[in-house]
Amino acid sequence: MKNVVLLGPPGAGKGTVAARLVQEFKFLHVSTGDMLREEVAQNTPLGQLAKGYMARGELVPDEVILSMVRQRVDAKKGVLFDGFPRTIAQAEGLERFTTVDLVIFLEVEQEEVVRRLSSRVVCSACGAVYNLITQPPRVQGKCDQCGGTLVQREDDKPEVVARRFAVYMRDSAPLVAYYEGRGMLRRVRADRSPDEVFQAIAEVLRS
Ligand code: AP5
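These numbers were taken from a predicted model, which means no experiment stands behind them. (Residues numbered from 1 in each chain as written. Predicted model: local features only at pLDDT ≥ 70, side-chain atom pairs only at ≥ 80, totals over all residues. Heavy atoms only, no water.)

1. Some details on the sheet that holds strand β7 (residues 150–151)
Turning to step 1, where the next piece is worked out: Spatially, 3 strands are ordered β6-β5-β7 in an open sheet, and the strand pairing comes out antiparallel. Whereas interior strands pair on both sides, the edge strands pair on one side only; in this sheet they are β6 (129–131) and β7.
Turning to step 2, where the next piece is worked out: The sheet contact formed by strand β5 (residues 120–123) and β7 spans 2 bridges and is antiparallel. Opposite C123, over in β7, you have L150 as the bridge partner. (Pairing = 2+ DSSP bridges. Helix = DSSP H or I, 4+ residues; strand = E, 2+ residues; numbered from the N terminus.)

2. Considering the pairing of strand β3 (residues 79–82)
Turning to step 1, where the next piece is worked out: With burial as the criterion, each face of β3 is covered, one bearing V79 and F81 and the other bearing L80 and D82.
Turning to step 2, where the next piece is worked out: Where strand β1 (residues 4–7) lies against β3, 3 bridges are found, and the strand directions are parallel. Residue pairing for β3: V5 is matched across the bridge by F81.
Turning to step 3, where the next piece is worked out: As paired strands, strand β2 (residues 28–31) and β3 are joined by 4 bridges and run parallel to one another. Each bridged residue has a counterpart across the sheet, and for S31 the counterpart in β3 is D82. (Buried < 20%, exposed > 50% of the residue type's maximum accessible area, 1.4 Å probe, protein only.)

The following block contains the structure:
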């Protein structure tokens, strides 16, 4: 199984499509955002360090992220990297301990991602992701999967979303040219329904 990177701006739908790809293709899912939120929830030293960066919409330092990912990667399994790498330094660091076979770039306009993030809610217990407009839960305020309470992410407040997008443009957008130059990038339009995005990526992975 290949190692695949999901690249795209905040709110592009990386986590949403990753959940389906992991089920279908049996990837090991490595989401640095989920891993960091877990560390923050458990108040570990790493969580304490990451918390401020995340609340401000800034990136956690590269060396911290690389060491966390390195511990999680299992050479025997295909990995789906979600939200990582996010800088050229992270991409270079990743290549020192494993290979990347394919990069899927989810293309979507800023206006659309801002709309998605302002209406996103997540389960405070299991982390499942919903959208009050496009993917509402069956029962208002409750997770379909575990019954947990749905909340807005702290970093989905408008001023933090604006900062996250600016940081993405400055630090992460250059990865598109980086991977395109290596012939590893496939562009997938993410301004369509979650099912269409999933089908488009599945087709790329099967080809
Ligand atoms: P992280 O959690 O990775 O945030 P992100 O990349 O900004 O991505 P999001 O989780 O916001 O969005 P997504 O693309 O997964 O979209 P989703 O599927 O939820 O990182 C958070 C923070 O941690 C960072 O700011 C940083 O501080 C730190 N961090 C993490 N990784 C790091 C790294 N490598 N280096 C340094 N720091 C790091 O969908 C969004 C909404 O849209 C949902 O409501 C969903 O239901 C809806 N939706 C999804 N798909 C569709 C669709 N096709 N149509 C309509 N609605 C859709």
